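What follows is each chain in one-letter form.
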Amino acid sequence: MPKPSREEKRQMRSAARLYAVQALFQMEVSGQTFDEVRREFETHRFGAVYEGDEMAEGDPYLFAKTLEDAVTRQARIDQMTDRALVAKWPIDRIDPTLRALFRAAGAELVEGSAPPKVVITEYVDVARAFFPEGREPKFVNAVLDHMAREAKPEAF
């Protein structure tokens, strides 16, 4: 099998981020464990075909690391998110999709190696995928910018 090109690797990382948000959402609403959800995504979602549409291959390492870091660092990430949100909107009151997105992005900001601006851009794109008509992408950008400045102030 040929080695993926630079662009294919970038697409796989983007897909892994989208899948991590979906997996965190699924864990919250279904009560499934980290291992159950990770296994399901890696064996049934990456590259799967639904109604003739092929799902993208995700970067399995980035997916698993983001998911694991989001779970193990959830308290810290949720506190960072709360500080970035308006006082009237603690994390437990926001949309569960956005909560999953902030946890995945927060995991990368706290533990990941990608530059914070890349993480912000990628997760704003994920927000656009879930909320194509709404104001959520701008909201996500503002919250993640605040979180990134807290997690990695040296990058700004």
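**With respect to the overall build of the chain**
Then step 1. Scanning the chain for helices and strands turns up 7 helices and 2 strands.
Then step 2. Secondary structure elements in the chain, listed N-terminal to C-terminal, are α-α-β-β-α-α-α-α-α.
Then step 3. Taken against the 2.2 N^0.38 rule, which gives 15 Å for 156 residues, the C-alpha radius of gyration of the chain at 15 Å falls within 12% of a compact globule.
Then step 4. When the backbone C-alpha atoms are referred to their principal axes, the chain occupies close to 50 × 35 × 35 Å.
Then step 5. Put simply, the chain has 156 residues, and 42% of those count as buried.
Then step 6. Nonlocal contacts in the chain, meaning residues at least 24 apart in sequence, comprise 65% of its contacts between residues at least 6 apart.
Then step 7. With an accessible surface of roughly 9000 Å², the chain has 52% of that area assigned to carbon and sulfur atoms.
Then step 8. With 23 positive and 27 negative side-chain charges, the chain shows a separation of 6 Å between the mean positions of the two kinds.

**A look at the environment of Y19**
Then step 1. Examined against the element boundaries, Y19 turns out to sit in helix α1 (residues 6–30).
Then step 2. Sequence spacing of Y19 and V124 is 105 residues, and the spatial spacing of their C-alpha atoms is 14 Å.

**Points about the packing of aromatic side chains**
Then step 1. Scanning the model with the defined rule gives 3 aromatic pairs in all.
Then step 2. With a centroid separation of 6.0 Å and 70° between ring planes, the pair formed by F102 and F139 is classed as edge-to-face. Placement of the pair is F102 in helix α5 (residues 96–111) and F139 in helix α7 (residues 136–151), with a sequence separation of 37 residues.
Then step 3. For F102, a relative accessible area of 0% corresponds to the buried category.
Then step 4. Here a set of aromatic residues connected by ring pairs shows up, and it is made of Y19, F41 and F63.

**A look at a positive patch on the surface**
Then step 1. Residues K3, R6, K9 and R13 make up a contiguous surface patch of positive charge.
Then step 2. For R6, a relative accessible area of 77% corresponds to the exposed category.

**Topic: the nonpolar core**
Then step 1. Counting 45 residues, the largest nonpolar core has F63, L101, F102, Y123, V140, L144 and M147 as the members making the most contacts within it.
Then step 2. Mapped onto this core, the elements with two or more residues apiece are α1, α2 (34–45), α3 (60–72), α4 (74–84), α5, α6 (116–130) and α7.
Then step 3. Counting residues per element, this core draws most heavily on α5, which supplies 9 residues.
Then step 4. Ignoring sequence-local partners within four residues, the contact set of M147 consists of I77, M80, T81, A84, F102, G106 and L109.

**Re the environment of L67**
Then step 1. With respect to the helices, strands and loops of the structure, L67 is situated in helix α3.
Then step 2. The sequence separation of L67 and A104 amounts to 37 residues, and the corresponding C-alpha distance is 6.7 Å.
Then step 3. With near-sequence residues (within four places) excluded, L67 lies in contact with A20, A23, L24, M27, F34 and R38.

**Brief notes about the packing of α1 against α5**
Then step 1. At a closest axis distance of 8 Å, the pairing of α1 and α5 adopts a crossing angle of 125°. Here α1 lies oblique to α5, going by the angle between them. Viewed along their axes, α1 and α5 form a crossing whose handedness is right-handed. Each of R17, A20, V21, L24, F25 and E28 in α1 lies in contact with α5, whose residues at this interface are P96, T97, R99, A100, L101, R103, A104 and E108.

**Details of the side chain of R103**
Then step 1. You can see R103 is positioned in helix α5.
Then step 2. Residue R103 is classed as buried on the basis of its relative accessible area of 12%.
Then step 3. Excluding anything up to four places from it in sequence, R103 contacts L24, E28, A70, Q74, I77, D78 and I91.

**Description of the confidence of the model for the chain**
Then step 1. Mean pLDDT over the chain stands at 90; residues scoring 70 or higher make up 92%.
Then step 2. Between the elements of the chain, mean pLDDT differs from a low of 58, seen in strand β1 (residues 49–50), to a high of 97, seen in α5.

**Points about α4**
Then step 1. Those residues of α4 that fall on the buried side of the exposure criterion are I77, D78, M80, T81 and A84. Down the axis, α4 shows its buried residues gathered within 160° of arc, on one side only.

So, how was this worked out
- Residues numbered from 1 in each chain as written.
- Predicted model: local features only at pLDDT ≥ 70, side-chain atom pairs only at ≥ 80, totals over all residues.
- Heavy atoms only, no water.
- Helix = DSSP H or I, 4+ residues; strand = E, 2+ residues; numbered from the N terminus.
- Rg over C-alpha atoms; globule rule 2.2 N^0.38 Å.
- Buried < 20%, exposed > 50% of the residue type's maximum accessible area, 1.4 Å probe, protein only.
- Contact = heavy atoms within 4.5 Å.
- Areas by Shrake-Rupley, 256 points an atom, 1.4 Å probe, with all protein chains shown as cover.
- Lys, Arg positive; Asp, Glu negative; His and termini not counted.
- Charge placed at Lys NZ, Arg CZ, Asp CG, Glu CD.
- Phe/Tyr/Trp six-rings, centres within 6.5 Å; stacked < 30°, edge-to-face > 60°.
- Patch = residues over 30% accessible without salt bridge, like charges linked within 9 Å, V, L, I, M, F, W, Y side chains within 5 Å.
- Salt bridge = Lys/Arg side-chain N within 4 Å of Asp/Glu carboxyl O.
- Core = buried A, V, L, I, M, F, W, Y, C linked by side-chain atoms within 4.5 Å.
- Axes fitted to C-alpha atoms, helices over the stretch in contact; angles between N-to-C directions.
- Parallel < 35°, antiparallel > 145°, perpendicular 65-115°, else oblique.
- Left-handed = near helix turned anticlockwise from the far one by under 90°.
- pLDDT = per-residue confidence, 0-100.
- Arc of directions from axis to C-beta.

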